[in-house]
Amino acid sequence: MRSVIDILDLSVDELEEMYRTAIDIEAHPEKYTRACEGKKLATLFFEPSTRTRMSFEAAMYELGGHVISVTGAGSSSAAKGESVADTAKTVSHYVDVIAMRHPKEGAAQVAADNASIPVINAGDGGHCHPTQTLADLLTIYKEKGGFDGLTVGLCGDLLYGRTVHSLIHALQRYKGVRFVAVSPTELRLPEYVKQGIDCVETASLEEALPSLDILYMTRIQRERFDDPAVYERLKDSYVLTPEKMELARPECRVLHPLPRVNEISVKVDDDPRACYFKQVKNGKLMRMALILKLLDEAERDPLPAAKPGVRTGKVCRNPRCICSVEQEPDFRFRTDAAGRLRCVYCEAVPE
Amino acid sequence: MRSVIDILDLSVDELEEMYRTAIDIEAHPEKYTRACEGKKLATLFFEPSTRTRMSFEAAMYELGGHVISVTGAGSSSAAKGESVADTAKTVSHYVDVIAMRHPKEGAAQVAADNASIPVINAGDGGHCHPTQTLADLLTIYKEKGGFDGLTVGLCGDLLYGRTVHSLIHALQRYKGVRFVAVSPTELRLPEYVKQGIDCVETASLEEALPSLDILYMTRIQRERFDDPAVYERLKDSYVLTPEKMELARPECRVLHPLPRVNEISVKVDDDPRACYFKQVKNGKLMRMALILKLLDEAERDPLPAAKPGVRTGKVCRNPRCICSVEQEPDFRFRTDAAGRLRCVYCEAVPE
Amino acid sequence: MRSVIDILDLSVDELEEMYRTAIDIEAHPEKYTRACEGKKLATLFFEPSTRTRMSFEAAMYELGGHVISVTGAGSSSAAKGESVADTAKTVSHYVDVIAMRHPKEGAAQVAADNASIPVINAGDGGHCHPTQTLADLLTIYKEKGGFDGLTVGLCGDLLYGRTVHSLIHALQRYKGVRFVAVSPTELRLPEYVKQGIDCVETASLEEALPSLDILYMTRIQRERFDDPAVYERLKDSYVLTPEKMELARPECRVLHPLPRVNEISVKVDDDPRACYFKQVKNGKLMRMALILKLLDEAERDPLPAAKPGVRTGKVCRNPRCICSVEQEPDFRFRTDAAGRLRCVYCEAVPE
């Protein structure tokens, strides 16, 4: 039995199979309307996310299953201090699969380690949001036929942009992908994300547009800037308008994880290269494919996966990590490619 | 494909057909338990309303469909500033029909203009609440056999009472309907609502009761009065009691949109003329009939309806209008019977 | 037609039948997956409770029914001051059975008196929580084969512990049950609960453990102590650890209504005597059995049960009682074994 915490939990081959499943679901939805009959999904959203939750719920209903929905950080058991571990054990008695969103990094991993059913990470703090990446990947796959050799522009908040980092991790597994990172200097891609990828950086969206096969837009939030004046000065430089779109090639496709506020003008919506609303449908289709895959695996092999990493005697003190709030956390670490220990939940290096 | 924003979007003939459908559903529920199999309704409630939401959800389940429920003004996408337009486009990928409640006037129209599925207005600020009027109309139809020649009393807050205005608009399409408007002077019917209707006004419920075929009670809220002493002085004059009911004819029927607080004493509940709990069931039946109608129309004609009105270069500055909060709003206006421009969303006259 | 407000509403024989039903559901779930097809449950939670609500919802889905969920004390109708009586009448038009949680004692009784469908008390203030007791009873039944002659330890907050009082009431109907009440002196069992039972009291968990067949743990909350220093001094004395478990017999079984915070160490979870996660599944099974029973009874006898007690002219002034907030409450009283009048809702003696 498997859970999905990070996009890299799914191999390139598994993703290829899921794209085909998703496309088949889109073409022949009637084949799937009873696929999960009698099964239940719990959407455990300790942090609100209307879009993601609705997508999961629509996905499960279109597979013929049911949904039990828990929303709100103030949900009673959490407010009473119940651990994510206990919640996962409890909810395993109520449903067949969990989609969880939590403000702390690694919360989904803790749930996966303690549940006796598959857990899908619907977003854990600033760490991962793999099903958004699935939506993004299917959209690129459908628009471009594949990933090799693409020039992919990423624009906006590349420092904190969880979906940007995840998309880069997913795409660097293909051949010849070039990244163009467009952002204010204050919000550049972190060094560790740039490791091993072909990436040029620029502060100018206009300069980047002509070369792009894909443009992935993200929102820049005022709160990311210590000095509001800096935000005011640069905010319009990263807004996509029809005028800027004239610089893009006919083959360019524009993606955005949504919700958007003003970083893409509504006047771009009718441009045939705008794909962000198609991403919505693709997200639902990939969540359907993922639920089918994980339930099928759980049926053929109900044994839980081994917990990741090992106990080392060290503790994780990252205040953004689930360990900072969990009762009697099981501190575990794995060794990264550079030989350093990293917390299996939040990936921070212990002190 | 059509949406329903205002009760007047449905013609007298269409309503007649819906009453018959609702009565048939009540008599033969088993005929309808699979009518919406595989279909989904989203209840998008940006403003809470337990009663209305439960009524829509029960309606959809009794048609064999499913429901995805979003509640809370603080729902994440809205809190992040996502436009109602984008929400409507997104949710169109998840469900087959939307029931939306929003605190801003015209929000449902914006949703209808941007969704690719039917939208039912479940209440947009102080503007419209057409499905409450459907509940009220079916109740009168079942109790009285029709609407012509009725004397209809409206009591309570007639200035702000959205359901009162809507009921008047619906009933003035019939012959010989007389209205008796019972309220404190501070809360009289607005002039524009009285245009073209046969209406007498009085501050005395006792004086009005003997003539009424229908008495429609509404709640008077303390907050509507600048001077609390005025509220205290008059509040009991608009409370219905068994004593006052002795003044009403045996054929009189008492309606109330609910919830009631104290404006109808619980001792009136057992009076056979009290119909406000029957209104609850009738509301569910009419919502079932409406969902069936709109889904059927969408299937036969999936093209969205044209957007109302035209762009004039003017803007709407009404702070209660959805335009005040929407990203890049599409300001549109239509001309009313008196030749004035009115915002298509909130109906205010632009400056 | 019946509702369940208090565990004592179900006879020993009825409970025996429900254990058998629950065990059959566990062994042959497929026999029940359509048992409630076309039926709906409303979870009306005026006070949050993730665990209990999810359990009811999972139960209804596994019976093939549907769920309409209302959560939040700020839910609109309640916020507008709608009475529980009116809510129950209204919701009776939407679903076939109600599970209600409310912060005021007796709220579920008011709902049962006014609904035309069965009402299950999912917790009414500090008064009753009968379905938790059903979970506890089935767990003891499955682990021990019966209840006669058991030595049952209750540990923690025995003064305010609603589930403790309810379990004692349920178990005192069997032969030879001995209770061992383990708590700080500040949180001892109330006198009235100790009436007629074989009960020894101690402040020492270690002293009690060797004699116990069942250990029922509850959480001690800091807020129950006027002096925080007292809480600090004693809190660890009532925490269950592997070391303390060495004092327990192999036949001892440990229960906890959950959620737990730190009063049972996670290291106890792997002890085969730990049953608190099995209680979760047993709770769902008993809720399934209860829903089946009540819906079946309602079908065979749709007439509502008579209201309890009589009107005496007295009023209940208990601020924790539903009467303190309900519109025009129907004050009713019954006479207890000692001949005193007690409010039928909160059981307080009127002044």
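This structure is a prediction, so every number in the text was calculated from the model and none was measured.

Scoring rules and cut-offs
- Residues numbered from 1 in each chain as written.
- Chains lettered and ligands numbered in written order.
- Predicted model: local features only at pLDDT ≥ 70, side-chain atom pairs only at ≥ 80, totals over all residues.
- Heavy atoms only, no water.
- Helix = DSSP H or I, 4+ residues; strand = E, 2+ residues; numbered from the N terminus.
- Buried < 20%, exposed > 50% of the residue type's maximum accessible area, 1.4 Å probe, protein only.
- Contact = heavy atoms within 4.5 Å.
- Areas by Shrake-Rupley, 256 points an atom, 1.4 Å probe, with all protein chains shown as cover.
- Lys, Arg positive; Asp, Glu negative; His and termini not counted.
- Charge placed at Lys NZ, Arg CZ, Asp CG, Glu CD.
- Least-squares fit on C-alpha atoms with pLDDT ≥ 70 in both.
- Buried area = accessible area lost by both parts, 1.4 Å probe.
- Salt bridge = Lys/Arg side-chain N within 4 Å of Asp/Glu carboxyl O.
- Polar contact = N/O pair within 3.5 Å; in protein donor to acceptor, adjacent residues only side chain to side chain.
- Nonpolar A, V, L, I, M, F, W, Y, C, P; charged D, E, K, R; others polar.
- Expected span 1.5 Å × (residues − 1).
- Pairing = 2+ DSSP bridges.
- Axes fitted to C-alpha atoms, helices over the stretch in contact; angles between N-to-C directions.
- Core = buried A, V, L, I, M, F, W, Y, C linked by side-chain atoms within 4.5 Å.
- Right-handed = clockwise from strand over helix to strand, strands pointing away.
- Parallel < 35°, antiparallel > 145°, perpendicular 65-115°, else oblique.
- Left-handed = near helix turned anticlockwise from the far one by under 90°.
- Domains from an automatic or database assignment.

**Student:** Where do I start with the overall build of chain A in this structure?
**Tutor:** Helix and strand counts for chain A come out as 12 helices and 11 strands. Expressed as lengths along the three principal axes of its C-alpha atoms, the size of chain A is roughly 55 × 55 × 40 Å. Buried residues in chain A amount to 60% of all 351 residues. Partitioning the intrachain contacts of chain A with sequence separation of at least 6 by distance along the chain shows that 68% fall at a separation of at least 24. Carbon and sulfur atoms provide 49% of the accessible area of chain A, an area that totals close to 13,700 Å². Between the centroid of the 46 positive side chains of chain A and the centroid of its 52 negative side chains there is a distance of 1 Å.

**Student:** Mind showing me how you'd approach the relation of the copies chain B and chain A here?
**Tutor:** In this arrangement, two copies of a chain are superimposed by a rotation about an axis accompanied by a shift along the axis. Each copy of the sequence occupies a distinct position, and chain B is placed on chain A by a rotation of 120° and an axial shift of 0.0 Å, giving an RMSD of 0.0 Å. With respect to symmetry, the two chain copies, as superposed, fit the operation of a three-fold axis. Mapped onto chain A, only 9% of the interface residues of chain B are again interface residues, and the two copies thus contact each other with different surfaces.

**Student:** Sorry, what's going on with the relation of the copies chain A and chain C here?
**Tutor:** Between chain A and chain C, the superposition needs a rotation of 120° and an axial shift of 0.0 Å, giving an RMSD of 0.0 Å. Counting the interface residues of chain A, we find that no more than 9% of their copies in chain C are interface residues as well, pointing to two distinct contact surfaces.

**Student:** Can you help me understand the interface of chain B and chain A in this one?
**Tutor:** Contact residues are listed per partner, giving 23 residues for chain B and 27 residues for chain A. With both chains or domains summed, chain B and chain A bury close to 2,300 Å², and 54% of this area falls on carbon and sulfur atoms. The interface formed by chain B and chain A holds 5 salt bridges in total. Residue glutamate 62 of chain A is joined to lysine 40 of chain B by a salt bridge in which the shortest nitrogen-to-oxygen separation is 2.7 Å. Here chain B and chain A share 12 residue pairs in polar contact (both at pLDDT 80 or more) between them. Listed by contribution, the elements that provide at least two residues to the side of chain B that touches chain A are strand E1 (40-45), strand E2 (66-71), helix H3 (76-79) and helix H4 (84-91) of chain B. Of all the elements, E2 of chain B adds the most residues to the side of chain B that touches chain A, at 5 residues. When grouped by side-chain class, the residues that make up the side of chain B that touches chain A number 8 nonpolar, 9 polar and 6 charged.

**Student:** Which parts of the structure should I look at to understand helix H1 (residues 12-27) of chain C?
**Tutor:** Residues and elements named next belong to chain C. In this model, H1 (16 residues) spans 23 Å end to end at C-alpha, consistent with the 22 Å of a helix rising 1.5 Å per residue. Among all positions in H1, only Glu14, Leu15, Met18, Tyr19, Ala22, Asp24 and Ile25 are buried. Taken together, the buried residues of H1 touch helix H6 (130-144) and helix H12 (276-300).

**Student:** Explanation requested: the sheet that holds strand E6 (residues 178-182) of chain A in the structure shown.
**Tutor:** Whenever strands of a sheet pair, they do so through backbone hydrogen bonds, lying parallel or antiparallel. Residues and elements named next belong to chain A. In spatial order, the strands read E7-E6-E5-E8-E9; together these 5 strands make up an open sheet with parallel pairing. Both outer strands of the open sheet, strand E7 (198-202) and strand E9 (253-255), are each paired with one neighbouring strand and no more. Strand-to-strand twist in this sheet, taken as the mean axis angle between neighbours without regard to direction, amounts to 20°. Sheet analysis places strand E8 (residues 214-217) next to E9, joined by 3 bridges and oriented parallel. Bridging across to E9, tyrosine 216 finds its partner in leucine 255. Across the sheet, helix H6 (residues 130-144) lies against E8 and E9, angled at about 170° from E9, the strand it touches most. Across the sheet, helix H7 (residues 162-171) lies against strand E5 (151-155), E6 and E8, angled at about 165° from E5, the strand it touches most.

**Student:** Can you help me understand the nonpolar core in this one?
**Tutor:** Generally speaking, nonpolar side chains in soluble globular proteins are found buried as a group. With 353 residues, the main nonpolar core has Leu240 of chain A, Leu240 of chain B together with Leu240 of chain C as its most contacted residues. Filtering out sequence-adjacent residues up to four positions away, leucine 240 of chain C remains in contact with Leu205, Leu209, Leu215, Met217, Met245, Val254, Glu263, Ile264, Ser265 and Val268 of chain C.

**Student:** In this structure, what is going on with unusual backbone geometry? I would like to understand it.
**Tutor:** Comment: phi is negative for the bulk of residues other than glycine, and the bulk of peptide bonds are trans. With an omega dihedral of 0°, the bond running from leucine 258 of chain B to proline 259 of chain B counts as a cis peptide bond. Residue placement: proline 259 of chain B occurs in the loop between strand E9 (253-255) and helix H12 (276-300). Unusually for a residue other than glycine, leucine 258 of chain C sits at a positive phi of about 60°.

**Student:** Before we go on, may I ask you to explain the environment of aspartate 124 of chain A in this structure?
**Tutor:** Residue and element names in this part refer to chain A. Its location among the elements puts aspartate 124 in strand E4 (residues 119-124). Separated by 149 residues in the primary sequence, aspartate 124 and arginine 273 place their C-alpha atoms 31 Å from one another. Residues within four places of aspartate 124 in sequence aside, it is in contact with His102, Lys104, Glu105, Gly106, Ala107, Ala108 and Arg162. Here histidine 127 takes part through its side chain, which lies 2.8 Å from a polar atom of the side chain of aspartate 124.

**Student:** Mind showing me how you'd approach the pairing of strand E5 (residues 151-155) of chain C here?
**Tutor:** Regular strands place their side chains on alternate faces of the sheet. Residues and elements named next belong to chain C. Judged by how many residues are buried, E5 sits mostly within the fold: 5 of 5 residues are covered. Residues Thr151, Gly153 and Cys155 point to one face of E5 and Val152 and Leu154 to the other, with burial holding for every one of them. What joins E5 to strand E6 (residues 178-182) is helix H7 (residues 162-171), and the crossover it makes is right-handed.

**Student:** Teacher, can you tell me more about the sheet that holds E4 of chain A here?
**Tutor:** Across the sheet, which stays open at both edges, the 4 strands sit in the order E2-E1-E3-E4 (chain A) with parallel pairing between neighbours. Edge positions in the open sheet fall to strand E2 (66-71) and E4 of chain A, since each of these has one partner strand only. Direction aside, the axes of adjacent strands within the sheet are offset by 10° on average. Sheet topology note: the strand E1 (residues 40-45) of chain A/E2 of chain A ladder contains 6 bridges and is parallel. The partner of alanine 42 of chain A across the bridge, within E2 of chain A, is isoleucine 68 of chain A. Against the sheet, helix H2 (residues 50-62) of chain C touches E1 and E2 of chain A, its axis set at about 170° to E2 of chain A.

**Student:** Explanation requested: the interface of chain A and chain C in the structure shown.
**Tutor:** A common way to state how big an interface is: give the accessible area lost once the parts meet. With 23 residues of chain A in contact, the opposing surface of chain C contributes 27 residues. In total, about 2,300 Å² of surface goes out of reach between chain A and chain C, with carbon and sulfur atoms giving 54% of it. Linking chain A to chain C there are 5 salt bridges. In this structure, the connection of chain A to chain C is made through 13 residue pairs in polar contact (both at pLDDT 80 or more). Residue assignment for the side of chain A that touches chain C shows that the elements contributing at least two residues are E1, E2, helix H3 (76-79) and helix H4 (84-91) of chain A. For the side of chain A that touches chain C, the leading source of residues is E2 of chain A, giving 5 residues. For the side of chain A that touches chain C, a count of residues per class yields 8 nonpolar, 9 polar and 6 charged.

**Student:** What is the right way to read the packing of H6 of chain A against helix H12 (residues 276-300) of chain A from this model?
**Tutor:** A pair of packed helices can be characterised by two numbers: the angle between their axes and the separation between those axes. All names here are of chain A. Packing of H6 against H12 brings their axes to within 8 Å, and their N-to-C directions diverge by 115°. With respect to each other, H6 and H12 are oriented roughly perpendicular. Taken as a pair, H6 and H12 cross one another with a handedness that is right-handed. From H6, Thr131, Gln132, Leu134, Ala135, Asp136, Leu138, Thr139, Lys142 and Glu143 reach across to H12, where they touch Lys278, Gln279, Asn282, Gly283, Leu285, Met286, Arg287 and Leu290. Of the residues assigned to the contact of H6 with H12, the class counts are 6 nonpolar, 6 polar and 5 charged.

**Student:** I'm lost on the side chain of aspartate 86 of chain C in this one. Help?
**Tutor:** Inspection of the secondary structure puts aspartate 86 of chain C in helix H4 (residues 84-91). When its relative accessible area of 2% is taken as the criterion, aspartate 86 of chain C is described as buried. Apart from residues no more than four positions distant in its own chain, aspartate 86 of chain C is found in contact with Arg260 and Phe277 of chain B.

**Student:** What's the story with the domain arrangement of chain A in this structure? I'm lost.
**Tutor:** All names here are of chain A. You can read the domains of chain A as domain 1 (7-128 + 281-300), domain 2 (130-277) and domain 3 (308-351). Computed from C-alpha coordinates alone, the two centres of domain 1 and domain 3 are separated by 24 Å. Note on domain 1 versus domain 3: buried area summed over both sides is about 1,100 Å², and carbon and sulfur give 53% of it. Taken together, domain 1 and domain 3 are joined by 1 salt bridge. Where glutamate 105 meets arginine 320, a salt bridge forms, and the shortest distance between an N and an O atom there is 3.2 Å. Here domain 1 is connected to domain 3 by 6 residue pairs in polar contact (both at pLDDT 80 or more). Of all the elements in the fold, those that place two or more residues in the side of domain 1 that touches domain 3 are H4 and helix H5 (107-114). The element contributing the most residues to the side of domain 1 that touches domain 3 is H5, with 4 residues. In the side of domain 1 that touches domain 3, the residues fall into 4 nonpolar, 6 polar and 3 charged.

**Student:** Teacher, can you tell me more about H7 of chain A here?
**Tutor:** In an α-helix, one turn spans 3.6 residues; hence positions three or four apart end up facing the same way. For H7 of chain A, a buried count of 9 out of 10 residues is recorded, marking the element as mostly surrounded by other parts of the structure. For H7 of chain A, the full list of buried residues reads Arg162, Thr163, Val164, His165, Ser166, Leu167, Ile168, Ala170 and Leu171 of chain A.

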